[in-house]
Structure formats: C-alpha cells, structure tokens
Amino acid sequence: MSKPSTHGNSGPAAEGAPAAGRRRDFLARLIALGTGTVGTGAFGSYAEAAEASQSAALKDSYDYIIVGAGSAGCLLADRLSATGASVLLIEAGTSNINQPKIAEVAYWLQNLSSETDWARLSTPQPHLANRRQGAPGGKVWGGSGSINAMIWLRGDPRDYAQWCRLVGQEWNPDALNRAYLKVAQPAALDAAARHAQTGRINVGRYADSHPLTAAYLASSAATGLRTIELNAGRPLDGVGVAEVNATADGRRSGPAQAMLVPALVRPNLKVLSDTLITKLLIQGRHCRGVEAVVDNVALRINATHETIVSAGACESPKILMLSGLGPADHLAAHGIRVQQAMPAVGSNLQDHMLTSVVFKSKVNLPAQVSNGVSTMAYYSTGYGQSAPDVQVAGMQYPFGASLPAGSGYAVIAFLSKPRSRGSVRLTSADPRQAPSIDPRYLEQGIDQDNMLLGLDRAIDIGSNQGMNGIYGGRYSTASLRSRAEKLAFIAQQGGAGLHFTGTCIAGRDASTSVVDANFKVWGIERLRVVDASVIPEVPTVNIQASVLTVAQLAAERLISEARAAGLLAQ
Ligand SMILES: Cc1cc2nc3c(=O)[nH]c(=O)nc-3n(C[C@H](O)[C@H](O)[C@H](O)COP(=O)(O)OP(=O)(O)OC[C@H]3O[C@@H](n4cnc5c(N)ncnc54)[C@H](O)[C@@H]3O)c2cc1C
C-alpha cells in the first residue's frame, strides 16, 4: 500500500502552489467529462486524482477533521468542503477505487477478505451453531459503500417515524425525506421529478428484463402481496422490483465515485489514505482533533471547528473507547484512562441476519442483470405501526451454493426488524486489533419466530405456482417440516446481514445514548459521530441509503450551526 507523502507543518500557503492549480484544472476536466460515476476510461484518472489529493501538503490544523472516508465520511467531506471550510478526511484504507472489484457491479464479492475489507469476524453465535460470522467492512475510499452489493432501498416511513420518537424532532420524517432527496438521483425520473431530487447517487432499475423478475412478482402475489414501487417513500407493504446504485452499463455509483471524487477539485479538501486514526485528542470536555499513524509515526492533527467520527458501526465505538469514552469498567480492564464514562458506547449493536434458500432450475437461466437482485418482498407479523419484520429477496443466481451458472436461483430471507441487541467491545488497547463483535443473532424468541416466517415465505416464493416451468426442487435435501428442523437449517445456513447499526446510538439522554439529535457526543464539545452507528433502530431495508440520508441531515446541521456561530460564511 502506498503511504502518504512526507509532510510537515507547511501552512496554508502551500495549498496555492502550482501543483495544486494543475490538480484543480485536471479534476475540473475530469468532472466535465462526467466522471461523477465510474467509467472504464476514467480508471487512470481516479488514480491521478487520488495521487493529487495525497500529495497536497498536510497542515497541522483544519476546520473539520473527518475520521473515515466511508459512506458517511465521503458525503460529509463533499458537503463541508463546499462551504469553503478546510477539511481533512482520513481513511485507513486505500484510495484505489479504480479496480474492477470496486468499480464494477459484477465483482463486489471479490472484496470480501481482500485488502479492501477489514475482514473481521463475530464472536461464536450460539443460535447459529456457534459459528463465527463474517463482519466485513470496506477499507477503501467509499468504505462499505465501495464494497457493498449496491442494493438501493430508500426505506419505510414507519422507520423514520420510529427514529423521530427515539431521537427527537430534529429527526422528523419530513427532514429525513428532504435529506434523502438530496442523496439519490433515480435514473428514470421525468424532468419535473429530477428537479425536485438533487442527489448524485445514480439509482437505476434494470431487473425487469430478467425472466425471474416477473416470476418472483407472480409468486409473491400468490402469497398475498400486491406490487409496489420500492423507492417511492411509501410503506413497504408488498413486493417490488429491486433498484441498484449503479449505471446501466454496470458501474458502481457509490459515495466515493459520486461524492468524494467530484469534491477533490476543491483545494480546501485534503484526503489522507492508508492512515489509521488511533485515538481522539480529548482534553477535559473538548475534542481537539485526532492522533494518526503516518509513516509509522504518531502525528497529532487539530480540528478548530469539529472532529467527526465516521468510521462505521464496528470501528467508531472502538475509536471512542480507545479515547477514553465508553463503559468505565471495560476501559479500566484494558488500562485506558476514562475521560468520560459512557455506558452506551458499543452497546445496542443490531444487524439483519439472512438465510438463503437455493433452488434448482428446470430451464437454463440467463446471466444475471446488474447486481442479480430481482425483487424485494415484505411481510409482517403485525402490519401497522412498525415497518415489516421480514424482507425476502428474489435473486437471479444461486447465492450461497456452488451450482453451475444458469442452473439455479436463490431466495433470501432477511430478519429485517431484529429485537436482539449485541455489542462491540475492545479486545485490546492496541488500535490495530479488531474489536470483539457480538450481534447475538436470534437471541430473542421473537427473532426466531420472524426468521422462521422469512424462511417459510422464501420457500413459498421460490417454489409456488408463480415459478411454474422454472422450479426444479430445493438444492438442499434437508427436511424442513418441523419448527426444530427449520431452526436447525437456519442455524447451519443463516448468516450476517452486514447492516451493522446502533453502537453509538443517537438518543435523548447521556445514560442510554452516545450522541444527541444533532450528532454531538454527550458531554464533549466539538465531537460528533455520523455514520451507521448512530442509527437508533436498524431500518427494515438494506441500510446504505439510510446511512447517507442521516449523514446528509448531519451535514446540514453542522453547516447551519457553524453559520449561526459565524464560523462559516452565510
Ligand atoms: C459486504 C457488504 C455488502 C453490503 N451490501 C449492501 C447493499 O447491497 N445495500 C445496502 O443498502 N447496504 C449494504 N451494506 C451496508 C452498507 O454498505 C453500510 O452499512 C454503509 O456503507 C455503512 O456506512 P458507514 O459510513 O457507517 O461506514 P463505512 O462505509 O464502512 O465507512 C467507514 C470508513 O471508516 C474507515 N475507518 C474505520 N476505522 C478507521 C480508523 N481507525 N482510521 C481511519 N479510517 C477508519 C473505514 O476504512 C471505512 O472507509 C453492505 C455492507 C457490506 C460490508
């Protein structure tokens, strides 16, 4: 991995040097060429853009320091640097987003356990036959938004209403809806709707052309569901055709491609890659900035306005705990001086879990379209107040089984409103060590019931009359008649949903939450957390759109507060 160039306390003057001017011209040309979304011809350009950003001199102080160039971090870097404030974005992983496994829809799985993945494991899970589950996360510009499967789901308004109840009026559904519209840009919108929706993430619907899509809609209808549009902002009571944050020609449109790269044109934004933040600089009741390891040297960099932790739901609580903010006993056990006891740090871990049911096909199925997801269907044990308990994905390939291409398909059941709560804890005071991640999948009986409901519906959707002419039997020969047999199947086949949330939960008081409704860490000035970790209850859908929506809300708060305080120009 390349290391950041050597730097010193070069001061603002270095930013205006001829190299920076050349970089701006070069990036302006890139953006004029439409590189906000990834294209094959832009591969070299990204490398050059990254190099230019790396080589700009590092100063000893910035208005804003953002820890983690992931989904939330890229959005914040764009929005904050657009105000003219100086912004330092620090990322532990690589800037290389021009490799096919990041840029192309078909290859996302190749990131897992590679150098672009934190490649963490959960603790053994008692209800999953004591198997450890993968707990991956992107370690690259764009973070998990660069290695994810690009399933794009806006979410269910009942989740927004629930977050508002848990956090406060600042998170009201209208504000969240407005924020969402500034994130996504549906490819198929008419001109008037495009005007209302100003986001840069390109969201497209490509699955209709695959024969399994119509079959899944029919088989879902046979279970009693009506067909709905998934990303219309209405309750998810039905089944719809899946959408993807990618271009029609199969290029990822993620936070790095759509938000960070276009922002690199600004000389007031510096990105430092391959750089691990080891702790926050907490003095008394203030956060002064961060400590980072650069070229094996620990370096302190100051933030004059704010430090924003956006390291994701597994790493953000780790960074807070390493900095002395966390459960007092736990910190003491690792010899870490307690700056402020914060019992909620690392608690409330939530994740969807999933169980894939694979089917053999009687006919040779065509190759997958885009990310290979056809439909999303929603079920609940009690429709009404809360968003659906179960999400079922109709897949165009046999996810989780080694069947020859075209000879099988899978239907995946997600436990979409888990009630079990887990934790992230330190394993060591050494920042290079992975945290202990314990989601406690299926610990609550209601989660087992709902996962069973999901399994039943997945079997229905994969095998009922809607699949006539396609269904050629289940791939697994395991008997699935009794509750015990089904739970045993889930224990062996079930796995992580990879939608970790809640470990720096936003809420109404310091004893049960980590940040307030404005993303401020309780009791510590000039420190915020903005990423999946603040989401108080995992939404019923795959979460990347929700993370970006919440990050947009945070960016607006940061900017309006700074303007009100006279820190930023109006
Ligand atoms: C494999 C996978 C597939 C997924 N598929 C989907 C999907 O199809 N649809 C969907 O909606 N959601 C999906 N998700 C979930 C979604 O992508 C994530 O929830 C979301 O991107 C999280 O955003 P974040 O900003 O909270 O964290 P991240 O995007 O993970 O960003 C955190 C960043 O912080 C950096 N960082 C961490 N610690 C440090 C440190 N100490 N110093 C410096 N930098 C640090 C990381 O390297 C990373 O870049 C998937 C997730 C994974 C892992």
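Before any of the text, the structure's been laid out above.
Because the structure is predicted, anything quoted here is derived from the model rather than measured. (Residues numbered from 1 in each chain as written. Predicted model: local features only at pLDDT ≥ 70, side-chain atom pairs only at ≥ 80, totals over all residues. Heavy atoms only, no water.)

*Asks:* What should I look at first to understand the overall build of the protein chain in this one?
*Replies:* A tally of helices and strands in the protein chain yields 15 helices and 24 strands. Looking at the 570 residues of the protein chain, the share that counts as buried comes to 61%. Total accessible area on the protein chain is roughly 20,300 Å²; 52% of this is exposed by carbon and sulfur atoms. (Helix = DSSP H or I, 4+ residues; strand = E, 2+ residues; numbered from the N terminus. Buried < 20%, exposed > 50% of the residue type's maximum accessible area, 1.4 Å probe, protein only. Areas by Shrake-Rupley, 256 points an atom, 1.4 Å probe, with all protein chains shown as cover.)

*Asks:* Can you help me understand the site of the ligand in this one?
*Replies:* Neighbouring residues of the ligand: 39 residues in total, closest Ser71, Glu91, Ser144, Ile151 and Gln544. Ala72 has a polar backbone atom sitting 3.0 Å from an oxygen atom of the ligand. In the model, an oxygen atom of the ligand is placed 3.4 Å from a nitrogen or oxygen of the Gly145 main chain. Protein chains shield 96% of the accessible area of the ligand, which is 1,000 Å² for the free molecule. Broken down by secondary-structure element, the contributors of at least two residues to the shell around the ligand are helix 3 (71-81), helix 5 (144-147), strand 11 (276-283), helix 11 (312-322) and helix 15 (544-564). Counted by class, the shell around the ligand contains 20 nonpolar, 15 polar and four charged residues. (Near = heavy atom within 4 Å. Polar contact = N/O pair within 3.5 Å; in protein donor to acceptor, adjacent residues only side chain to side chain. Nonpolar A, V, L, I, M, F, W, Y, C, P; charged D, E, K, R; others polar.)

*Asks:* Help me out: how do you make sense of the side chain of Asp159 in this one?
*Replies:* Along the chain, Asp159 falls in helix 6 (residues 157-167). According to the relative accessible area criterion, Asp159 is buried, its value standing at 2%. At 2.6 Å, the side chain of Asp159 and the side chain of Lys417 are in polar contact. At 2.7 Å, the side chain of Asp159 forms a polar contact with the backbone nitrogen of Thr540.

In short, shape yes, function no, at least from these values alone.
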